[in-house]
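Listed below, chain by chain, are the residues.
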Amino acid sequence: MSLSFTNSIAVQSRARALVPLCVGAGAYLFFLYIGDTLLQDSDSFWQIKIGQWILDHHALPYTDFYSFTRPGEPWISTSWLSQILFAISYAQWDWAGPVILTALAIAASAAVFVYLLEAHLEIPRAVLFAMLAVLLSLHHILARPHILALPVMIAWVGILMNAADRKVTPSWVWLPLMSLWANLHGGFVLGLALIGPMAIEAIWTLDSGKQVRLLARWFLFGVAAMAAACVTPYGWRTLLGATNILNLGELLSVISEWMPANFASFSAFEAAILGLIAIGLFRGMTLSPPRILLILLFTWMGLTHVRSIEAFAFLVPLVLAKPLGETSPLPQADAQAGESWAARYVTITGALMIAVAAWTTTSIYMSHHRFTFTMDQTPVAAVDLLQQRKAQRIFNAYQFGGYLISRDIPVFVDGRAELYGEKFVMDFFKAVEVKKLDNLTRLLEEYKIDATLMGADMPAAQVLDHIKGWKRLYADNIAVIHVRDGAPDAAVPAKP
């Protein structure tokens, strides 16, 4: 069957709606199959732990109670709703729960993305853009709150872009979407920040009189969106909590997901940027200054922080969809055919069949596959020994913080960098990397550390072998334990 024939059928029938559903189902099954790769970040442990605490106490955290270095310090969880969802899914199905929840979020993201692109592009191109966006985002697709918020981000930007294309104001009916985003993840501030550039795009080609009126309506919508973002249990403090991470300065350059993109070797992101340039040159597209600004903004975000590459991957195509579509306009749909009962029946029946097939596949796969967290984030044997010794003040590696929290052990540091602050975490990194030896010894004494839990390949783990007053108690290929020399030994478990 030729693409033209397939496209003709899709345009003339409401069955076209099955395309986003099929793409979403495909994405879901793919990430279900590689579900173990979603469990590679120890932050997932403390996200689930906090969600369970919220469920158990019917309250939200306002201070820290998981570390011994910042006990009682002000801290709010801007991802509380995601944490509850992860906690519920984990309680029901162990690690399969977070995997399925994450896969569903990716499926929804892909489906919404294709649906928005379909308005301007042929189906094959819309699907291709979705596949490329997922490919670019693979490094950051993890069982964490930002993925649950991803479909909301795509939908929100799609709504803003659609209104800007039509030279109107976004409907206030969509404001609850911003509230949902604000309760799922702190990235909602991007959605607020994009209202300004989208408003400029909406008024760009209008005469001055219409520009003023439309800009005023967009301004009111922006104020309403900011108010909607405060419809959370934390109220206006949600805005402050979401922006705290951006004030960590130098620290952002040493946390892997906040590092700038590295082009030392060829990457998918580099290919995407070159492809974007090639499309512009080949198509000879002329974009409005606001659209150029948006593309430059998303590109800058991806270059500055690798965790923002998924924003580049999913949002740049939404900005380019209309200009690209104008170079090869879609045929107009037959309204009567589109609204026929037969087409509605096909759409509903097809959607149900896709849902049933996906759930059946999930049940079969889960019956013989057990999802497990990556081992280098879970020093099980080492922590068992520390609990046996009743260690109270453990100087732990950054990546072990989440796992220690899941074991109800107070941590020195964990992934909540905004809680600890730039200076504290930078001192810690310099200590474990032994960039300053006195940093390591000072922190061990200042915080009265009685045991250390370092990664097996960390410089600090090797240096502690030679620091007076410390001795190596345990080591495996994941973690190394040192305790103060003279402390009573305990039975050391066999290495795994």
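Each remark here, short or long, concerns the structure printed above.
As the structure is a computational prediction, the values presented were derived from the model and not from experiment. (Residues numbered from 1 in each chain as written. Predicted model: local features only at pLDDT ≥ 70, side-chain atom pairs only at ≥ 80, totals over all residues. Heavy atoms only, no water.)

**Student:** Requested: an account of the overall build of the chain, with residues and values cited.
**Tutor:** When its secondary structure is counted, the chain shows 24 helices and four strands. The globule rule puts the C-alpha radius of gyration for 496 residues at 23 Å, and the 25 Å found for the chain is close to it. Seen along its three principal axes, the alpha-carbon backbone of the chain occupies a region of about 85 × 55 × 50 Å. The buried share among the 496 residues of the chain stands at 52%. Sequence separation of 24 or more characterises 73% of the internal contacts of the chain that already satisfy a separation of 6 or more. When the accessible area of the chain is evaluated, it comes to approximately 22,700 Å², of which 65% is carbon and sulfur surface. (Helix = DSSP H or I, 4+ residues; strand = E, 2+ residues; numbered from the N terminus. Rg over C-alpha atoms; globule rule 2.2 N^0.38 Å. Buried < 20%, exposed > 50% of the residue type's maximum accessible area, 1.4 Å probe, protein only. Contact = heavy atoms within 4.5 Å. Areas by Shrake-Rupley, 256 points an atom, 1.4 Å probe, with all protein chains shown as cover.)

**Student:** Which residues make up the side chain of Asp427, and what values go with them?
**Tutor:** Turning to its location among the elements, Asp427 is positioned in helix α22 (residues 422–432). Within polar-contact distance, the side chain of Asp427 engages the side chain of Arg442 at 3.5 Å. Contacts of Asp427, omitting those with residues within four sequence positions, involve Asn439, Arg442 and Leu443. (Polar contact = N/O pair within 3.5 Å; in protein donor to acceptor, adjacent residues only side chain to side chain.)

**Student:** Which residues make up helix α23 (residues 437–446), and what values do they have?
**Tutor:** An α-helix turns once per 3.6 residues; consequently, residues spaced three or four apart project the same way. Those residues of α23 lying buried are Asn439, Leu440, Leu443 and Leu444. Summarising the axial view, the buried residues of α23 lie within an arc of 125°, below the 170-degree limit, and thus occupy one face. Buried residues in α23 make contact with β1 (394–396), α22, β2 (451–455), α24 (459–463), β3 (470–475) and β4 (479–484). Lys448 sits one or two positions beyond α23 and adopts a positive phi of about 50°. (Arc of directions from axis to C-beta.)

**Student:** How would you sum up the packing of aromatic side chains? Please name residues and give values.
**Tutor:** Following the criterion strictly, the structure yields 27 aromatic pairs and no others. With a centroid separation of 5.2 Å and 80° between ring planes, the pair formed by Phe113 and Phe314 is classed as edge-to-face. Separated by 201 residues along the polypeptide, Phe113 in helix α5 (residues 96–118) and Phe314 in helix α16 (residues 309–327) bring together distant segments of the chain. Of the two residues, Phe113 and Phe314, both sit in the buried class. Through a chain of ring-to-ring contacts, three or more aromatic side chains come together here, namely Phe68, Phe395, Tyr398, Phe412, Tyr420, Phe424, Phe428, Phe429 and Tyr447. Across the ring face of Phe424, the terminal group of Arg70 is positioned such that the distance to the ring centre comes to 4.5 Å. (Phe/Tyr/Trp six-rings, centres within 6.5 Å; stacked < 30°, edge-to-face > 60°. Lys NZ or Arg CZ within 6 Å of the ring centre and 35° of its normal.)

Keep in mind these values describe shape, not function.
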